[in-house]
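# Inside the fold
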Amino acid sequence: MRGLRRIMKKGLGEMGFNMGGGVINWFPGHMAAATRAIRDRLKLADLVIEVRDARIPLSSANEDLQPLLSGKRRVIALNKKDLANPNIMHKWSHYFDSCNQDCLSINAHSKSSVQKLLELVEWKLKEVISREPTLLVMVVGVPNVGKSALINSIHRIASSRFPVQEKKKRATVGPLPGVTQDIAGYKIAHQPSIYVLDTPGVLVPSIPDIETGLKLALAGSVKDSAVGEERIAQYLLAVLNTRSTPLHWKHLNNRRMEGIQYESQDKHEYDIRNLLPKRRKPPNGSDAQYIENVVTEVQHALYLTLSEFDGNLDDEGDLEALIGQQFEALQKALKIPHKASEARIMVSKKFLTLFRTGKLGPFILDDVPDASDPVS
Ligand code: GDP
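Below is a summary of the structure that appears in this document. (Residues numbered from 1 in each chain as written. Predicted model: local features only at pLDDT ≥ 70, side-chain atom pairs only at ≥ 80, totals over all residues. Heavy atoms only, no water.)

### Side note on the overall build of the chain
Within the chain, the regular secondary structure consists of 12 helices and 7 strands. A fraction of 74% describes how many contacts in the chain between residues 6 or more apart in sequence connect residues 24 or more apart. Of the roughly 18800 Å² of accessible surface on the chain, 51% is carried by carbon and sulfur atoms. (Helix = DSSP H or I, 4+ residues; strand = E, 2+ residues; numbered from the N terminus. Contact = heavy atoms within 4.5 Å. Areas by Shrake-Rupley, 256 points an atom, 1.4 Å probe, with all protein chains shown as cover.)

### Some points on the site of the ligand
Around the ligand sit 15 residues in total, of which Asp-82, Asn-144, Lys-147, Ser-148 and Ala-149 are the nearest. Interatomic distance of 3.2 Å between a backbone N/O atom of Val-145 and an oxygen atom of the ligand. Interatomic distance of 2.8 Å between a backbone N/O atom of Ala-149 and an oxygen atom of the ligand. Among the elements that line the shell around the ligand, the one with the most residues is helix α6 (residues 147-161), at 3 residues. (Near = heavy atom within 4 Å. Polar contact = N/O pair within 3.5 Å; in protein donor to acceptor, adjacent residues only side chain to side chain.)

### Details of the pattern of salt bridges
Counted under the stated rule, the structure contains 10 salt bridges. In this structure, Arg-52 engages Glu-50 in a salt bridge whose closest nitrogen and oxygen atoms are separated by 3.0 Å. For Glu-50, the salt bridge is made with Arg-74, and the minimal N-O distance between the two is 2.7 Å. Of this pair, Glu-50 sits in strand β1 (residues 47-53) while Arg-74 sits in strand β2 (residues 74-79), and the two are 24 residues apart along the sequence. Since its relative accessible area comes to 0%, Glu-50 is described here as buried. The network of salt bridges with shared partners includes Glu-50, Arg-52 and Arg-74. (Salt bridge = Lys/Arg side-chain N within 4 Å of Asp/Glu carboxyl O. Buried < 20%, exposed > 50% of the residue type's maximum accessible area, 1.4 Å probe, protein only.)

### Thoughts on the nonpolar core
Core analysis: the biggest nonpolar cluster contains 48 residues, and Val-298, Leu-334 and Phe-351 have the highest contact counts within it. When contributions to this core are tallied by element, the ones reaching two or more residues are α7 (210-219), α9 (229-242), α10 (285-307), α11 (316-333) and α12 (343-356). Here this core gets 8 residues from one element, more than from any other, and that element is α9. Ignoring sequence-local partners within four residues, the contact set of Leu-334 consists of Leu-275, Val-294, Val-298, Val-347, Lys-350, Phe-351 and Leu-354. (Core = buried A, V, L, I, M, F, W, Y, C linked by side-chain atoms within 4.5 Å.)

### A look at α7
Taken across its 10 residues, α7 has 9 buried, putting it largely inside the fold. Ile-210, Thr-212, Gly-213, Leu-214, Lys-215, Leu-216, Ala-217, Leu-218 and Ala-219 are the residues of α7 that are buried.

### Observations concerning the packing of α11 against α12
Following both chains from N to C, one finds α11 and α12 inclined at 75°, their axes separated by 10 Å at the closest point. As far as their axial angle goes, α12 and α11 are roughly perpendicular. On α12, the residues touching Phe-327, Leu-330 and Gln-331 of α11 are Ala-343, Arg-344, Val-347, Ser-348 and Phe-351. Of the residues assigned to the contact of α11 with α12, the class counts are 5 nonpolar, 2 polar and 1 charged. (Axes fitted to C-alpha atoms, helices over the stretch in contact; angles between N-to-C directions. Parallel < 35°, antiparallel > 145°, perpendicular 65-115°, else oblique. Nonpolar A, V, L, I, M, F, W, Y, C, P; charged D, E, K, R; others polar.)

### Some thoughts on the packing of α9 against α11
Contact geometry of α9 with α11 gives a least axis separation of 10 Å together with a crossing angle of 110°. If you check the angle between α9 and α11, you find them roughly perpendicular. The element α9 and its partner α11 pack so that their crossing is right-handed. Contacts from Glu-230, Ala-233, Gln-234, Leu-237, Ala-238, Asn-241 and Thr-242 in α9 reach Leu-319, Leu-322, Ile-323, Gln-326, Phe-327 and Leu-330 in α11. Considered class by class, the residues forming the contact of α9 with α11 number 8 nonpolar, 4 polar and 1 charged. (Left-handed = near helix turned anticlockwise from the far one by under 90°.)

### Considering the packing of aromatic side chains
Tallied over the full model, the rule gives 4 aromatic pairs. When the centroid spacing of 5.4 Å and the interplanar angle of 45° are considered together, the rings of Phe-355 and Phe-363 count as tilted. Classification of Phe-363 by relative accessible area gives buried; the value is 6%. Here the aromatic residues Trp-92, Tyr-95 and Phe-96 are joined through ring pairs into a cluster of three or more. Sitting above the plane of the Phe-162 ring, Lys-187 keeps its charged end 5.0 Å from the centroid. Its guanidinium or amino end placed over the ring of Phe-327, Arg-344 lies 4.2 Å from that ring's centre, counting from NZ or CZ. (Phe/Tyr/Trp six-rings, centres within 6.5 Å; stacked < 30°, edge-to-face > 60°. Lys NZ or Arg CZ within 6 Å of the ring centre and 35° of its normal.)

Dropping the structure here:
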């Protein structure tokens, strides 16, 4: 693991981040103002759903607001569970249980999964029924964890439960005394009426060290441009190699990979369709086969390079050399023309797309802490 740490430290120097041990400024200043606004809005909420990325259950938390959040009635929703390793997810559930923190792993796109979350929310709010006729739930989380996807699913469920939705309005604590504003929410329960606010609170990710920043970048909560695709891809390779993950891909060559799914019509920057050769036709069955083959080739390339590697993974130079070889092997597997200028960036982008769409398998990047450590 020392090699991995050294690579990250090296990255820190090359990227010109603040090496004085202070806080790295990954975000524009206006995000601090957003945190202040959220503090005010949080005062209104009777319960908060804190959405985190299931692949980074701790790194996707905002440290500054933890004291406030843990002082409220809170449910932690570990979203994108479809991309997280289920066995390790189980350990995380135990961890949060042992800290008496309600937590549920969910897939924000799945109605049944979101319904389970709402059941837990309603159950927790029942304690306060006698005191409040109307209860408000707020969704918060760092960027890209799936807050909007969750609120959309909640909206759909709310509309089926209460076809005629009255907009909930309530005076909020404004930034100045006496200033109020209207807020809107979706009604999910009656007697007591429970509303989920329709706008999520965006939290600023906390980045105490470079590795947390790289994990957040890998999960998409920090812009790629802040770190650089190549460095994120190098970090991913370092993680895979030090965990020996490619060695488990030995037997996958003849495996039928899952068919690809085209869930949405929008084309995101990290879209599995970006791996297809450029042309106009809509994706079809043979495209799914094409992508399966690319995934198999990528896995095989990483398996071969790691199994033939006779260096020491703890040695920074050796690990870097291996990653260099793997970039070349990936270029072939991803069918990027030999002479393409910017080839390393193209390799990085496509490789990251495979990871981010779950094609390299499910992962959890954070380590489960000792149960005695407090939840953060
Ligand atoms: P927000 O910035 O927190 O509001 O995040 P979004 O709701 O915009 O989601 C960010 C990206 O994650 C989008 O591409 C979503 O489709 C995707 N996403 C959200 N929830 C899930 C999930 O449970 N699983 C997977 N695989 N993707 C998800």
